[in-house]
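One-letter residues, chain by chain:
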Amino acid sequence: MLCICWKIIRKDNSKIEIENVEYTIEDRKKYGKNIPKECTKIGNGCFEDNKEMKEIVIPKEIKELGKESFLYCINLEKIIFEEGSEIKEIPEGCMKYCKKIETITLPTTIQKIKKEGFYYCSELKEIINLNRSIEYGESSFAECQQLIGKYSFLPSIVFKKK
């Protein structure tokens, strides 16, 4: 059973609508990396320290990623956001230490990459849909040596070391 964060019940009680279904660590342990379409959020640390996962598809129904969702997924090579994704931010530490990702295509809806969002993604060479209008947190690309000098519009704070 998936974790249901809350329910909305119509006033006439004719139908129950479930919103904000979060895919949690417990769900991942039971169901793996195949996130059901009913989910709208990947929970904090959901895939943390998953050393077997090499690729994941984030369904377009996911509206929010939790803090440190993919922390220490050191063998993760590919994160695919389904077309039509409406994710607005990469949260703090979301892909920290995902050392094998070389290229990532961000949803065009991304407005913010928080502190250490891609910290120590040492093989990251290309970020598609990265642009000037995105708000960048401190050290959001620290230790991403392959990116230095590639995106001149990035503020220097994104490359700071801790």
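Structural notes, computed from the coordinates. Quick caveat, the model's predicted, so the values are computed rather than measured. (Residues numbered from 1 in each chain as written. Predicted model: local features only at pLDDT ≥ 70, side-chain atom pairs only at ≥ 80, totals over all residues. Heavy atoms only, no water.)

Quick look at unusual backbone geometry now. For Y72, which is not a glycine, the phi torsion comes out positive at approximately 60°. A residue is classified by how much of its surface remains accessible, and Y72, at 37% relative accessible area, is partly exposed. Even without a glycine there, the phi angle at E143 is positive, about 65°. Within the element layout of this structure, E143 appears in the segment after β11 (135-136). Classification of E143 by relative accessible area gives buried; the value is 17%. (Buried < 20%, exposed > 50% of the residue type's maximum accessible area, 1.4 Å probe, protein only. Helix = DSSP H or I, 4+ residues; strand = E, 2+ residues; numbered from the N terminus.)

The next subject is the pairing of strand β6 (residues 78-81). Residues of β6 alternate between two faces, with I79 and F81 buried on one and K78 and I80 left unburied on the opposite face. Taken together, the four bridges between strand β4 (residues 55-58) and β6 define a ladder with parallel strand orientation. In the sheet register, E55 faces β6, and the bridge partner there is K78. (Pairing = 2+ DSSP bridges.)

Next up on the list: the nonpolar core. By size, the foremost hydrophobic cluster in this structure holds 40 residues, and its most contacted members are F70, M95, F118 and F141. Of all elements in the fold, only β2 (16-23), β4 and β6 reach the threshold of two or more residues within this core. Setting aside residues no more than four positions away along its own chain, F118 makes contact with I90, M95, I104, L106, I113, L124, S140, F141, A142 and C144. (Core = buried A, V, L, I, M, F, W, Y, C linked by side-chain atoms within 4.5 Å. Contact = heavy atoms within 4.5 Å.)

Everything listed here is a matter of geometry and, on its own, says nothing about what the molecule does.
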